[in-house]
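# Geometric and topological summary
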Amino acid sequence: VQITYQGPPTEFGWLLPVPRDVEYGLSTDQLFTQLDNQFGPRFNLRTEIDDDCMFGPNQGSEPEVFASAGDDAGARDDADESVAVLSREAVGPYDLSVLVPTSVGALRDWLDSNGYQIPDAADATLSPYVEMGSAFIALKLLPAADSGDVQPLSLRFAGDIPAVPIVPTSVAANPDMGIIVHLLADARGVSTNYRHVSINEATIDWANRGSNYPDVVSQAIDEAGGQAFVTDFAGAHEGVVSLDVIDESALDEIRRIEPSDDGAWVWTEIEDILRRQLRQNDSDFARIARGVISVPETIDINEFLVRPRRFQGREDATLIDVDIDALIARIETEINEVRIAIGDIFARNPYLTRLYSTMSPEEMTVDPVFAWNRDLDSQSNVYNAVRRVSCVLGRPDWDNAIIETESGLRFRERGGDNPNI
């Protein structure tokens, strides 16, 4: 589960109904980055100009692509005996508790007395889960954590029916909030209680690489009653999701780095080793780095991480400290263990379905439930269209170009724009 949050760290709170046998741990933003890059919708527009134009045959733009696209851990656990605390511990940046309440009121009392920021409106949405005996995962940030430390969670439990508890989300959701669900199995995933819709390709802003895709999806879902998914992709993922890990030889190299008074030099040596195995924009690496490096007030940590070599030899570089033991421990648990486990899941499940929806709070009244349908065809995430431009007096008539999609839809641009948007 990838959690998106903007705001003061003290106001972060997250509550999720789960089965009582839930196992939890940290996950990685890199997984979601790769899923978006590989399986998000892409819109290709090829332009063809009539041969009799003076500019030569079929001159036009190259195909354009759009990839589219959420008090410390030792605080009171015994605030209310009608809430069973199955576990409570620090998990990465989180103070994480697993709770089983006997009533919504008891759950509210426990959350309030333990400093959780849960809106009052949440109470009504939690009742069905309490009545069915669900446990709840409650999250808040540890005192030393910042909003930028929020990272995905991994939840594992036994069950027969995959579902997403969307109802509690309604109390903090924005209008037309985007929801992406990835399903891994050996066949195409579908929702059994939400409708399936297809987008109207004639309303896509092809000239701007499909930048209005979320709005097009919202329109289709609203027309279907507000509870529906569009399938962005369905098919074999063929191993394209590959998460980098740090091998033991690299960790041994880091362990052998000689101590130095120049902390900038130490970090540069470490970074050179890690960058051979991690992508340049690896968000997990950047987050971990901030947690193991301390810098004086004269140095901005973000500037230091971008170009650590520029700080070598400075007088205040002697005040930069890198906790190598903590770095290695976090690499092993937050990068290697997490990514190897994810790789095993993908290896066992060759078929990926990506479903996308947008929902407003008033539409979040039913949790979507999912199953697999082996009779459905695969679906590509690539949409192609051709813009055909005729000639007037030897010149391309861009104002009246016709766009034709692979599905056979045809519409005329007006003044270079799509009039259907």
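Cut-offs applied
Residues numbered from 1 in each chain as written. Predicted model: local features only at pLDDT ≥ 70, side-chain atom pairs only at ≥ 80, totals over all residues. Heavy atoms only, no water. Salt bridge = Lys/Arg side-chain N within 4 Å of Asp/Glu carboxyl O. Helix = DSSP H or I, 4+ residues; strand = E, 2+ residues; numbered from the N terminus. Buried < 20%, exposed > 50% of the residue type's maximum accessible area, 1.4 Å probe, protein only. Expected span 1.5 Å × (residues − 1). Contact = heavy atoms within 4.5 Å. Polar contact = N/O pair within 3.5 Å; in protein donor to acceptor, adjacent residues only side chain to side chain. Pairing = 2+ DSSP bridges. Axes fitted to C-alpha atoms, helices over the stretch in contact; angles between N-to-C directions. pLDDT = per-residue confidence, 0-100. Patch = residues over 30% accessible without salt bridge, like charges linked within 9 Å, V, L, I, M, F, W, Y side chains within 5 Å. Areas by Shrake-Rupley, 256 points an atom, 1.4 Å probe, with all protein chains shown as cover. Lys, Arg positive; Asp, Glu negative; His and termini not counted. Charge placed at Lys NZ, Arg CZ, Asp CG, Glu CD.

## Notes on the pattern of salt bridges
All told, the structure shown has 24 salt bridges when counted by the stated rule. Among the ionic pairs, Asp232 bridges to Arg354, the shortest N-O distance being 3.1 Å. Of this pair, Asp232 sits in strand S11 (residues 228-236) while Arg354 sits in strand S14 (residues 351-359); the two residues are 122 residues apart in sequence, bridging distant segments of the chain. When sorted by exposure, Asp232 lands in the same class as Arg354, which is buried. Linking Asp284 and Arg287 is a salt bridge whose minimum nitrogen-to-oxygen distance equals 2.8 Å. Linking Asp284 with Arg287, this pair stays in helix H7 (residues 283-292), spanning three residues, or about one helical turn. Since its relative accessible area comes to 0%, Asp284 is described here as buried. Residue class for Arg287 comes out buried when judged on its relative accessible area of 7%. Each member of the salt-bridge network shares a partner with another, and the members are Asp282, Asp284, Arg287, Arg330, Glu334 and Arg339.

## Notes on helix H9 (residues 324-348)
Spanning 25 residues, H9 covers 35 Å between terminal C-alpha atoms, matching the ideal 36 Å at 1.5 Å per step. Close packing links the buried residues of H9 with strand S2 (23-26), helix H1 (29-39), strand S8 (177-185), helix H5 (248-255), helix H6 (263-275) and H7. Where H9 begins, the side chain of Asp323 points an oxygen toward the backbone nitrogen of Asp325, at a separation of 3.4 Å.

## Some points on the sheet that holds strand S5 (residues 94-101)
Hydrogen bonds between backbone atoms are what pair the strands of a sheet, whose relative direction is either parallel or antiparallel. Pairing in this open sheet of four strands is antiparallel, and the strands run S1-S6-S5-S4 from one edge to the other. Bordering the open sheet on either side are strand S1 (14-18) and strand S4 (83-91), each of which pairs with just one other strand. When strand polarity is set aside, the average angle formed by the axes of neighbouring strands in this sheet is 20 degrees. Across the sheet, helix H3 (residues 122-131) lies against S1, S5 and strand S6 (135-141), angled at about 135 degrees from S6, the strand it touches most.

## A closer look at the confidence of the model for the chain
Confidence in the prediction for the chain averages 89 pLDDT; 93% of positions are at 70 or higher. Between residues 56-80, whose pLDDT stays under 50, and residues either more than four places distant or in other chains, the model counts 72 contacts.

## Overview of unusual backbone geometry
Not every positive phi belongs to a glycine, and Asp176 is a case in point at roughly 50 degrees. With respect to the helices and strands, the residue Asp176 is situated in the loop between strand S7 (153-156) and S8.

## A word on a negative patch on the surface
Where like charges cluster on the molecular surface, the negative patch consists of Asp176, Asp215, Asp222, Glu223 and Glu362. Positionally, Glu223 belongs in helix H4 (residues 213-223). According to the relative accessible area criterion, Glu223 is exposed, its value standing at 64%.

## Regarding the environment of Asp205
Here Asp205 lies in the loop between strand S10 (195-197) and H4. Separated by 11 residues in sequence, Asp205 and Val216 have C-alpha atoms that sit 9.4 Å apart. Not counting the four nearest positions on each side in its chain, Asp205 is found in contact with Gly210, Ser211, Asn212 and Ile421.

## Things to note about the side chain of Gln30
Here Gln30 is to be found in helix H1. Residue classification places Gln30 among the buried residues on the basis of a relative accessible area of 5%. The contact partners of Gln30, leaving out residues within four places of it in the chain, are Leu243, Asn281, Asp282, Ser283, Asp284 and Arg339.

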